[in-house]
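Secondary and tertiary structure notes
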Amino acid sequence: MNIANWGNYPRIKSHLFSNVTLDEVPELTTHKKDLIVRGNGRSCGDSSLNKNAILNLSKVKFNKKGMIYNYIDHELLVNSSASIGEVLDNYSLKNIILPVIPGSRIISVGGAIAADIHGKNHYLNGSLVNHVRCLDILTASGELITATPKENSDLFYATCGGMGLTGIIVSAGIRMTNTETSVLKQQISLCENIDKLIEESQNHRSSEYFSAWVDLSSTRTHGRGVVISGNFASARELLDHDVAYLETAYSNSLLTVPFYLSSKLFNHLSVKALDRLYYHMQKHKRRRAQFTGLNSFFFPMDAVKHWNRLYGRRGFIQYQFVVPDSDVLKQIIFLVKRERLYSTMGSLKIFGEQNRQYGSLSFPMKGYSLSMDFKLTPNLFKVLDYIDEIVAESSGRVYLAKDSRMKAEVFRKMYGRAVDEFLEVKAKYDPCNRFNSLLAERLCLKL
Ligand SMILES: Cc1cc2nc3c(=O)[nH]c(=O)nc-3n(C[C@H](O)[C@H](O)[C@H](O)COP(=O)(O)OP(=O)(O)OC[C@H]3O[C@@H](n4cnc5c(N)ncnc54)[C@H](O)[C@@H]3O)c2cc1C
């Protein structure tokens, strides 16, 4: 069958083994020589693609929900096939939430751990690996190994952020966070240029969550943007403001893109118009703090089903990097504008310190992270190759979960000795390279 991830690029022919049961997994893992596991295909690049075999474990559940919560230890034991949204639907109204929440509820827990995801609170909570207590991993030999930060720690750290190349995460134990309510108090502010945006990002470090939308098409200003910060509201605040509204279960997306649009609709005029509209729409919201639910705060894009079809059949590239220095961030924004690579999705996050463990390929590091979506155009890869070099020179890195085009040499420069350490762990648990993907082939992440 033809298969692609969320970016719809690349699209390949492969054999998809869906709804595999736990009994079938060891046999499939040991008999297929070359395979990759797939969660919900929300990575934008080629990390869960393999031309030979792709396994999907959505049937593997130890109970109906696929998760159990231990109220004493605050630990959620969850199957890797459960989605972030399912976890939140089951526990957020009990004021128990995931410590790290990504920008889509459809991502699977296995995919989230394999990418070691970050949220809008990285500067406070770090990435997901900091909250994972244990993993059950099915390795290439067919053996189910329990890995924790202390026991089989090499396998644990190489798997969190290891993009499915060390084995199959079957289940995980995650320490959850308690909140007073499940309602967020959100604050919006406008910044007329990138310097103000960077300044604001420093002022908001006391907020539990921070992210900013960056206007990458405005010619009048350089990098103006909208800062969205938030905290979980206290019960007192809800009473004082008479907030009767509590978001319950997720309601299905209101809007849908029913078919692939022509990519011609996505041009510099339409992107500019959309960016201007969005910026001005935020103006009336900025004065007052608003109370809002989890889904609208964390997952605004999920409100539009199949939004990836807006870029047309050829798909799009999502490019996310992190750099330690704000001057490099400004330089890259300038370059993107100069090369007229229009993106309506400039999303800025702030990362805090990240302890790097042996064998870990986790993306986050202290600095500024910008994510952008680009329609495929003839000069796109050339410009991104050039930006890769700038990122690597400044000791930054590109996010593997969104990558489908980076070159192996520049990847080596960015991730340095972490690549050798990772390959050492892989040699121990997967000496015959059973777990392999297009990403691993392209970046030489194989033995
Ligand atoms: C709208 C949107 C918003 C996003 N926001 C964020 C964000 O805020 N922060 C962030 O960090 N990322 C974000 N992402 C990226 C996303 O979190 C990662 O790409 C994640 O890996 C996707 O998970 P998935 O279940 O869809 O996995 P897939 O795309 O199916 O797989 C991704 C990787 O995980 C591996 N994998 C999947 N399941 C398993 C398993 N059971 N065992 C071992 N490996 C496995 C695959 O082999 C592959 O390498 C976003 C993506 C989208 C589309």
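You'll find the structure just up there.
My aim in this report is to walk through the structure given alongside it, one point at a time. (Residues numbered from 1 in each chain as written. Predicted model: local features only at pLDDT ≥ 70, side-chain atom pairs only at ≥ 80, totals over all residues. Heavy atoms only, no water.)

A few words now on the sheet that holds strand E10 (residues 144–147). Pairing is antiparallel across the open sheet formed by five strands, whose spatial order is E6-E7-E11-E9-E10. Edge strands, defined here as strands with exactly one partner in the open sheet, are strand E6 (67–70) and E10. Strand-to-strand twist of the sheet, defined as the mean angle between neighbouring strand axes without regard to direction, takes the value 15°. Pairing of strand E9 (residues 132–138) with E10 involves four bridges; the strand directions are antiparallel. Note on E10: the bridge partner recorded for Leu135 is Ala147. The strands that helix H2 (residues 84–91) touches are E6 and strand E7 (75–79); relative to E6, the one it contacts most, it runs at about 45°. (Pairing = 2+ DSSP bridges. Helix = DSSP H or I, 4+ residues; strand = E, 2+ residues; numbered from the N terminus. Axes fitted to C-alpha atoms, helices over the stretch in contact; angles between N-to-C directions. Contact = heavy atoms within 4.5 Å.)

With that settled, consider the side chain of Ser207. Mapped onto the secondary structure, Ser207 falls in the loop between helix H6 (194–203) and strand E14 (209–214). Take Ser207: its relative accessible area is 8%, and that puts it in the buried class. Non-local contacts of Ser207, meaning those with residues more than four positions away in its chain, are made with Tyr123, Leu124, Ser229, Gly230 and Asn231. (Buried < 20%, exposed > 50% of the residue type's maximum accessible area, 1.4 Å probe, protein only.)

Let's shift gears to the side chain of Ser218. In this structure, Ser218 sits in the loop between E14 and strand E15 (225–232). A distance of 3.0 Å separates polar atoms of two side chains, one belonging to Ser218 and the other to Thr221. In this view, Ser218 contacts Arg224 and Lys337; residues no more than four positions away in its chain are not counted. (Polar contact = N/O pair within 3.5 Å; in protein donor to acceptor, adjacent residues only side chain to side chain.)

Here we take up the site of the ligand. As a structural note, the neighbourhood of the ligand is formed by 33 residues, with Val37, Gly39, Arg42, Ser43 and Ser108 the closest of them. At a separation of 2.6 Å, an oxygen atom of the ligand approaches a polar backbone atom of Val37. Within the contact set of the ligand, a nitrogen atom lies 3.4 Å away from a side-chain nitrogen or oxygen of Ser80. Within the residue set of the shell around the ligand, elements represented by two or more residues are strand E4 (36–38), helix H3 (109–114) and strand E11 (168–175). Split by residue class, the shell around the ligand holds 14 nonpolar, 15 polar and four charged. (Near = heavy atom within 4 Å. Nonpolar A, V, L, I, M, F, W, Y, C, P; charged D, E, K, R; others polar.)

Position of Ala4 among the secondary structure elements: in the loop between strand E1 (2–3) and strand E2 (12–13). Residue classification places Ala4 among the buried residues on the basis of a relative accessible area of 12%. Sequence spacing of Ala4 and Cys44 is 40 residues, and the spatial spacing of their C-alpha atoms is 8.8 Å. With sequence-adjacent residues up to four places away left out, Ala4 is seen in contact with Pro10, Arg11, Arg38 and Leu49.

Taken as a whole, this structure holds two cavities of 30 Å³ or more when the rule is applied. Reported here for the largest cavity is a volume of approximately 40 Å³. Here the lining of the largest cavity takes four residues from strand E19 (residues 316–323), the largest share from any one element. Tallied by class, residues from the lining of the largest cavity come to four nonpolar, two polar and three charged. There is about 30 Å³ of room inside the second largest cavity. Around the second largest cavity sit Ile84, Leu98, Val100, Val109, Ala112, Leu128 and Ile174, which together line it. In terms of residue class, the lining of the second largest cavity is built from seven nonpolar, no polar and no charged. (1 Å grid on protein atoms, 1.4 Å probe; cavity = no way out; pocket = protein on both sides within 12 Å on 5 of 7 lines; lining within 4 Å. Points joined across faces, edges and corners; volume = space filled by probe spheres on them.)

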